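A structural walkthrough
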Number of protein chains: 2
Amino acid sequence: MSEPLDPDMFAGCPPVTGPVRIGDKWTAKIIRCLESGPRRFTELQAPLRGITPKVLTASLRAMERDGLLTRTAYDEIPPRVEYALTDLGRSLIEPMNAGCAWSRAHLAELTEARASWQAG
Amino acid sequence: MSEPLDPDMFAGCPPVTGPVRIGDKWTAKIIRCLESGPRRFTELQAPLRGITPKVLTASLRAMERDGLLTRTAYDEIPPRVEYALTDLGRSLIEPMNAGCAWSRAHLAELTEARASWQAG
DNA sequence: CCGAATCCTCCTGGATACTG
DNA sequence: CAGTATCCAGGAGGATTCGG
(Lines give C-alpha, C1' and ligand atoms only; values in the text may rest on other atoms or scores of the structure.)
Protein backbone atom coordinates (compact mmCIF):
# COMPACT_ATOMS: atom_id res chain seq x y z
CA MET A 1 0.00 0.00 0.00
CA SER A 2 2.88 2.36 0.67
CA GLU A 3 5.86 0.84 -1.02
CA PRO A 4 8.08 3.42 -2.71
CA LEU A 5 7.06 4.39 -6.23
CA ASP A 6 9.11 2.92 -9.03
CA PRO A 7 11.01 5.82 -10.58
CA ASP A 8 10.66 4.06 -13.93
CA MET A 9 6.97 3.34 -13.66
CA PHE A 10 6.26 5.43 -16.76
CA ALA A 11 9.32 4.33 -18.71
CA GLY A 12 7.24 2.12 -21.00
CA CYS A 13 4.75 4.88 -21.76
CA PRO A 14 5.20 6.55 -25.13
CA PRO A 15 5.94 10.27 -24.88
CA VAL A 16 2.57 11.04 -26.43
CA THR A 17 -0.13 8.85 -24.93
CA GLY A 18 -2.32 9.16 -27.96
CA PRO A 19 -5.57 10.98 -28.54
CA VAL A 20 -7.12 10.13 -25.18
CA ARG A 21 -6.06 12.55 -22.52
CA ILE A 22 -7.10 13.01 -18.89
CA GLY A 23 -6.85 16.57 -17.64
CA ASP A 24 -3.61 18.38 -18.37
CA LYS A 25 -0.22 16.93 -19.15
CA TRP A 26 0.42 15.43 -15.71
CA THR A 27 -3.02 14.69 -14.26
CA ALA A 28 -3.25 11.08 -15.40
CA LYS A 29 0.22 10.16 -14.16
CA ILE A 30 -0.39 11.81 -10.81
CA ILE A 31 -3.55 9.77 -10.42
CA ARG A 32 -1.62 6.59 -11.18
CA CYS A 33 0.96 7.55 -8.56
CA LEU A 34 -1.74 8.04 -5.92
CA GLU A 35 -3.71 4.95 -6.84
CA SER A 36 -2.00 2.83 -4.20
CA GLY A 37 -2.17 5.35 -1.39
CA PRO A 38 -1.20 8.85 -0.27
CA ARG A 39 2.15 10.23 -1.38
CA ARG A 40 4.45 13.10 -0.52
CA PHE A 41 5.56 15.87 -2.83
CA THR A 42 9.05 14.51 -3.31
CA GLU A 43 7.81 10.98 -3.82
CA LEU A 44 5.79 12.20 -6.77
CA GLN A 45 8.69 14.04 -8.33
CA ALA A 46 10.74 10.90 -8.95
CA PRO A 47 8.56 8.97 -11.39
CA LEU A 48 7.47 12.19 -13.06
CA ARG A 49 10.92 12.50 -14.55
CA GLY A 50 12.21 15.94 -13.89
CA ILE A 51 8.96 17.80 -13.47
CA THR A 52 9.81 21.14 -11.92
CA PRO A 53 8.37 21.99 -8.49
CA LYS A 54 6.38 24.86 -9.94
CA VAL A 55 4.61 22.69 -12.47
CA LEU A 56 3.98 19.89 -9.98
CA THR A 57 2.59 22.41 -7.51
CA ALA A 58 0.36 23.92 -10.18
CA SER A 59 -0.98 20.52 -11.22
CA LEU A 60 -1.63 19.48 -7.63
CA ARG A 61 -3.36 22.79 -6.83
CA ALA A 62 -5.60 22.49 -9.88
CA MET A 63 -6.53 18.93 -8.96
CA GLU A 64 -7.21 19.97 -5.37
CA ARG A 65 -9.39 22.81 -6.61
CA ASP A 66 -11.36 20.37 -8.75
CA GLY A 67 -11.86 18.01 -5.82
CA LEU A 68 -9.74 15.24 -7.33
CA LEU A 69 -7.32 15.03 -4.41
CA THR A 70 -6.76 16.37 -0.92
CA ARG A 71 -3.69 18.08 0.47
CA THR A 72 -2.81 17.49 4.10
CA ALA A 73 0.02 19.42 5.76
CA TYR A 74 1.42 18.06 9.02
CA ASP A 75 2.91 20.67 11.30
CA GLU A 76 6.19 18.94 11.90
CA ILE A 77 9.84 19.60 11.45
CA PRO A 78 10.85 18.83 8.79
CA PRO A 79 7.53 19.68 7.14
CA ARG A 80 5.47 16.89 5.66
CA VAL A 81 2.65 17.15 3.16
CA GLU A 82 0.59 14.31 1.81
CA TYR A 83 -1.59 14.12 -1.25
CA ALA A 84 -4.39 11.57 -1.52
CA LEU A 85 -7.09 10.82 -4.08
CA THR A 86 -10.71 11.65 -3.31
CA ASP A 87 -13.54 9.43 -4.48
CA LEU A 88 -14.04 11.83 -7.37
CA GLY A 89 -10.40 11.53 -8.36
CA ARG A 90 -10.61 7.76 -8.07
CA SER A 91 -13.62 7.75 -10.36
CA LEU A 92 -11.40 8.98 -13.17
CA ILE A 93 -9.46 5.74 -13.15
CA GLU A 94 -12.21 4.03 -15.12
CA PRO A 95 -12.19 6.32 -18.18
CA MET A 96 -8.39 6.41 -17.86
CA ASN A 97 -8.27 2.67 -18.22
CA ALA A 98 -10.55 2.90 -21.23
CA GLY A 99 -8.07 5.30 -22.78
CA CYS A 100 -5.13 3.04 -21.97
CA ALA A 101 -6.97 0.08 -23.45
CA TRP A 102 -7.48 2.03 -26.66
CA SER A 103 -3.81 2.93 -26.78
CA ARG A 104 -2.71 -0.64 -26.32
CA ALA A 105 -5.08 -1.81 -29.04
CA HIS A 106 -4.72 0.95 -31.63
CA LEU A 107 -1.81 3.27 -30.95
CA ALA A 108 0.44 1.26 -33.28
CA GLU A 109 -1.98 1.82 -36.16
CA LEU A 110 -1.96 5.55 -35.50
CA THR A 111 1.82 5.70 -35.36
CA GLU A 112 2.04 3.69 -38.54
CA ALA A 113 -0.44 5.97 -40.32
CA ARG A 114 1.55 8.97 -39.23
CA ALA A 115 4.78 7.45 -40.49
CA SER A 116 3.43 6.50 -43.89
CA TRP A 117 2.04 10.02 -44.20
CA GLN A 118 5.49 11.40 -43.64
CA ALA A 119 6.82 9.07 -46.32
CA GLY A 120 4.12 9.91 -48.87
CA MET B 1 -27.58 8.26 -42.64
CA SER B 2 -27.21 11.61 -44.39
CA GLU B 3 -29.69 13.92 -42.80
CA PRO B 4 -28.33 17.41 -42.25
CA LEU B 5 -26.46 17.95 -39.01
CA ASP B 6 -28.28 19.81 -36.29
CA PRO B 7 -26.49 23.15 -35.91
CA ASP B 8 -27.28 22.99 -32.20
CA MET B 9 -26.11 19.44 -31.65
CA PHE B 10 -23.48 20.61 -29.18
CA ALA B 11 -25.60 23.27 -27.55
CA GLY B 12 -26.07 21.17 -24.40
CA CYS B 13 -22.35 20.46 -24.04
CA PRO B 14 -20.58 22.54 -21.38
CA PRO B 15 -17.80 24.73 -22.78
CA VAL B 16 -15.25 22.62 -20.96
CA THR B 17 -16.06 18.94 -21.29
CA GLY B 18 -14.19 18.08 -18.18
CA PRO B 19 -10.93 16.26 -17.60
CA VAL B 20 -11.44 13.64 -20.28
CA ARG B 21 -10.35 14.85 -23.67
CA ILE B 22 -10.03 13.16 -27.04
CA GLY B 23 -7.34 14.61 -29.26
CA ASP B 24 -7.27 18.39 -29.61
CA LYS B 25 -10.07 20.83 -28.97
CA TRP B 26 -12.23 19.76 -31.94
CA THR B 27 -11.39 16.09 -32.55
CA ALA B 28 -14.16 14.62 -30.44
CA LYS B 29 -16.86 16.82 -31.93
CA ILE B 30 -15.71 16.11 -35.47
CA ILE B 31 -15.93 12.39 -34.76
CA ARG B 32 -19.48 12.84 -33.48
CA CYS B 33 -20.36 14.74 -36.66
CA LEU B 34 -19.03 11.94 -38.85
CA GLU B 35 -20.55 9.14 -36.80
CA SER B 36 -23.63 8.94 -39.02
CA GLY B 37 -21.86 9.14 -42.36
CA PRO B 38 -19.53 11.22 -44.54
CA ARG B 39 -19.82 15.00 -44.38
CA ARG B 40 -18.64 17.99 -46.37
CA PHE B 41 -16.46 20.83 -45.13
CA THR B 42 -19.30 23.32 -44.84
CA GLU B 43 -21.59 20.82 -43.21
CA LEU B 44 -19.05 20.45 -40.42
CA GLN B 45 -18.67 24.17 -39.90
CA ALA B 46 -22.28 24.69 -38.82
CA PRO B 47 -22.47 22.64 -35.60
CA LEU B 48 -18.91 23.60 -34.73
CA ARG B 49 -20.17 27.10 -33.96
CA GLY B 50 -17.98 29.51 -35.81
CA ILE B 51 -14.83 27.46 -36.13
CA THR B 52 -12.63 29.28 -38.62
CA PRO B 53 -11.73 27.48 -41.87
CA LYS B 54 -8.08 27.48 -40.95
CA VAL B 55 -8.64 25.70 -37.67
CA LEU B 56 -11.09 23.21 -39.16
CA THR B 57 -8.64 22.45 -41.95
CA ALA B 58 -5.84 21.96 -39.45
CA SER B 59 -7.91 19.59 -37.34
CA LEU B 60 -9.06 17.57 -40.35
CA ARG B 61 -5.51 17.36 -41.73
CA ALA B 62 -4.17 16.15 -38.39
CA MET B 63 -6.88 13.51 -38.15
CA GLU B 64 -6.24 12.41 -41.72
CA ARG B 65 -2.53 12.16 -40.98
CA ASP B 66 -3.29 9.97 -37.96
CA GLY B 67 -5.53 7.69 -40.00
CA LEU B 68 -8.70 8.69 -38.16
CA LEU B 69 -10.55 9.84 -41.27
CA THR B 70 -10.25 9.97 -45.05
CA ARG B 71 -10.53 12.97 -47.34
CA THR B 72 -12.06 12.49 -50.78
CA ALA B 73 -12.08 15.33 -53.30
CA TYR B 74 -14.41 15.07 -56.27
CA ASP B 75 -13.27 16.93 -59.38
CA GLU B 76 -16.47 18.84 -59.99
CA ILE B 77 -17.70 22.36 -60.26
CA PRO B 78 -18.45 23.55 -57.70
CA PRO B 79 -15.81 21.54 -55.82
CA ARG B 80 -16.93 18.88 -53.40
CA VAL B 81 -14.90 17.23 -50.64
CA GLU B 82 -16.08 14.57 -48.27
CA TYR B 83 -14.68 13.45 -44.95
CA ALA B 84 -15.43 10.02 -43.54
CA LEU B 85 -14.33 8.10 -40.46
CA THR B 86 -11.95 5.17 -40.82
CA ASP B 87 -12.25 2.08 -38.63
CA LEU B 88 -9.50 3.52 -36.50
CA GLY B 89 -11.39 6.76 -36.08
CA ARG B 90 -14.53 4.85 -35.28
CA SER B 91 -12.67 2.89 -32.60
CA LEU B 92 -12.27 6.12 -30.64
CA ILE B 93 -16.01 6.34 -30.08
CA GLU B 94 -15.78 3.78 -27.29
CA PRO B 95 -13.33 5.66 -25.03
CA MET B 96 -15.18 8.85 -25.98
CA ASN B 97 -18.38 7.41 -24.63
CA ALA B 98 -16.55 6.41 -21.46
CA GLY B 99 -15.47 10.02 -21.08
CA CYS B 100 -18.99 11.30 -21.71
CA ALA B 101 -20.36 8.84 -19.17
CA TRP B 102 -17.92 10.14 -16.60
CA SER B 103 -18.93 13.72 -17.33
CA ARG B 104 -22.61 12.96 -16.96
CA ALA B 105 -21.98 11.19 -13.68
CA HIS B 106 -19.39 13.42 -12.05
CA LEU B 107 -18.95 16.75 -13.80
CA ALA B 108 -21.39 18.41 -11.44
CA GLU B 109 -19.26 17.38 -8.46
CA LEU B 110 -16.21 18.87 -10.09
CA THR B 111 -17.96 22.13 -10.89
CA GLU B 112 -19.27 22.29 -7.36
CA ALA B 113 -15.83 21.67 -5.89
CA ARG B 114 -14.41 24.41 -8.06
CA ALA B 115 -17.12 26.83 -6.99
CA SER B 116 -16.72 26.18 -3.29
CA TRP B 117 -12.99 26.65 -3.71
CA GLN B 118 -13.60 30.05 -5.17
CA ALA B 119 -15.84 30.88 -2.24
CA GLY B 120 -13.43 29.61 0.42
C1' DC C 1 11.35 19.47 2.66
C1' DC C 2 7.97 21.97 0.31
C1' DG C 3 7.21 25.04 -2.03
C1' DA C 4 6.79 30.65 -3.93
C1' DA C 5 8.38 34.27 -7.30
C1' DT C 6 10.01 35.62 -11.54
C1' DC C 7 10.92 35.31 -16.21
C1' DC C 8 10.73 33.06 -20.60
C1' DT C 9 9.37 30.20 -24.79
C1' DC C 10 6.53 27.55 -27.55
C1' DC C 11 2.27 26.10 -29.28
C1' DT C 12 -2.75 26.20 -29.72
C1' DG C 13 -6.36 28.45 -31.35
C1' DG C 14 -8.44 32.42 -33.48
C1' DA C 15 -9.36 36.96 -36.50
C1' DT C 16 -9.22 38.68 -40.87
C1' DA C 17 -8.71 38.80 -45.63
C1' DC C 18 -8.05 36.62 -49.99
C1' DT C 19 -8.22 32.68 -53.97
C1' DG C 20 -8.96 28.56 -57.61
C1' DC D 1 -17.34 25.47 -52.11
C1' DA D 2 -13.33 24.68 -49.93
C1' DG D 3 -9.91 26.18 -48.65
C1' DT D 4 -4.90 29.41 -48.09
C1' DA D 5 -2.07 33.39 -46.14
C1' DT D 6 -0.86 36.39 -42.58
C1' DC D 7 -0.85 38.06 -38.21
C1' DC D 8 -1.73 37.74 -33.24
C1' DA D 9 -3.17 36.86 -28.17
C1' DG D 10 -3.31 33.78 -24.37
C1' DG D 11 -1.99 30.14 -21.68
C1' DA D 12 0.62 25.85 -20.64
C1' DG D 13 4.78 24.36 -19.35
C1' DG D 14 9.64 25.07 -18.01
C1' DA D 15 14.31 27.23 -15.99
C1' DT D 16 16.07 29.49 -12.44
C1' DT D 17 16.27 31.52 -8.16
C1' DC D 18 14.78 32.38 -3.43
C1' DG D 19 12.14 31.61 1.25
C1' DG D 20 9.97 29.39 5.62
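Report on the accompanying structure. Note that this is a predicted model, so its numbers are computed, not measured.

**Here's the deal with helix H3 (residues 53-65) of chain B**
Residue and element names in this part refer to chain B.
- Here H3 spans 18 Å end to end across 13 residues, near enough to the 18 Å set by a 1.5 Å rise per residue.
- Buried within H3 are the following residues: Leu 56, Ser 59, Leu 60 and Met 63. In a view along the axis of H3, the buried residues occupy a sector of 95°, so they form one face of it.
- Where H3 is buried, its residues meet helix H1 (27-34), helix H2 (41-45), strand S3 (69-74) and strand S4 (80-85).
- At the C-terminal side of H3, Gly 67 shows a positive phi close to 75°.

**Some words on the environment of Pro 38 of chain A**
Residues and elements named next belong to chain A.
- Residue position: Pro 38 is located in the loop between helix H1 (27-34) and strand S2 (39-40).
- Between the C-alpha atom of Pro 38 and that of Leu 88, which follows or precedes it by 50 residues, the distance is 15 Å.
- Apart from residues no more than four positions distant in its own chain, Pro 38 is found in contact with Glu 82, Tyr 83 and Ala 84.

**Digging into the interface of chain A and chain B**
- If you look at the interface, chain A gives 21 residues, while chain B gives 21 residues.
- Contact between chain A and chain B buries roughly 2100 Å² in total, counting both sides, with carbon and sulfur atoms accounting for 69%.
- Here chain A is connected to chain B by 2 salt bridges.
- Close ionic contact of Arg 114 of chain A with Asp 66 of chain B constitutes a salt bridge, the shortest N to O distance being 2.8 Å.
- Taken together, chain A and chain B are joined by 7 residue pairs in polar contact (both at pLDDT 80 or more).
- Contributing elements (two or more residues each) for the side of chain A that touches chain B: strand S1 (20-22), helix H3 (53-65), helix H4 (87-91) and helix H5 (93-119) of chain A.
- By residue number, the principal contributor to the side of chain A that touches chain B is H5 of chain A, which donates 9 residues.
- Class assignment for the residues of the side of chain A that touches chain B results in 11 nonpolar, 4 polar and 6 charged.
- Bridge count for S1 of chain A against strand S1 (residues 20-22) of chain B is 3 bridges, and the pairing is antiparallel. Its bridge partner lying in S1 of chain B, Val 20 of chain A is registered against Ile 22 of chain B.

**A word on the relation of the copies chain A and chain B**
- It takes a turn of 180° to lay chain A on chain B, together with a shift of 0.0 Å along the axis; the resulting RMSD is 0.1 Å. The relationship between the two copies is best expressed as a two-fold rotation axis. Considering only C-alpha atoms, the part of chain A nearest the rotation axis is Arg 21 of chain A, at 2.5 Å.
- Comparing contact sets, 100% of the residues at the interface of chain A also lie at the interface in chain B, consistent with an isologous, same-surface contact.

Each value, and the rule that gives it
- Residue positions are counted from 1 within each chain, in the order its sequence is given.
- Following the order in which they are written, the chains are lettered starting with A and the ligands numbered starting with 1.
- In view of the model being predicted, local features appear only for residues whose pLDDT reaches at least 70, and side-chain atom pairs are presented and counted only at 80 or more, with totals across whole chains, interfaces and linings using the full set of residues.
- Hydrogens and waters are ignored; side-chain quantities use all the structure's heavy atoms.
- Helix numbers and strand numbers start at the N terminus; a helix is a DSSP run of H or I with at least 4 residues, a strand a run of E with at least 2.
- By definition here, a helix of n residues has an expected span of 1.5 Å times n minus one.
- Throughout, exposure labels follow a simple rule: accessible area from a 1.4 Å probe, protein chains only, divided by the maximum for the residue type, with under 20% read as buried, over 50% as exposed, and the rest as partly exposed.
- Arc, as used here, means the arc of the directions from the helix axis to the C-beta atoms.
- A contact between two residues is defined here by any heavy atoms of the two lying within 4.5 Å.
- Joining two parts hides part of their accessible area as seen by a 1.4 Å probe, and the buried area is that hidden amount summed over both.
- The term salt bridge refers to a side-chain nitrogen of Lys or Arg lying within 4 Å of a carboxyl oxygen of Asp or Glu.
- Whenever two N or O atoms come within 3.5 Å, that pair is a polar contact, provided that in protein one can donate a hydrogen and the other can accept it, and provided that, for residues adjacent in sequence, both atoms are side-chain atoms.
- Three categories are distinguished: nonpolar for Ala, Val, Leu, Ile, Met, Phe, Trp, Tyr, Cys and Pro, charged for Asp, Glu, Lys and Arg, and polar for the others, with Gly belonging to the last.
- Two strands pair under a simple rule: DSSP has to find at least two bridges between them.
- The fit set for superposing copies consists of C-alpha atoms from residues with pLDDT of at least 70 in both; the fit itself is least squares.

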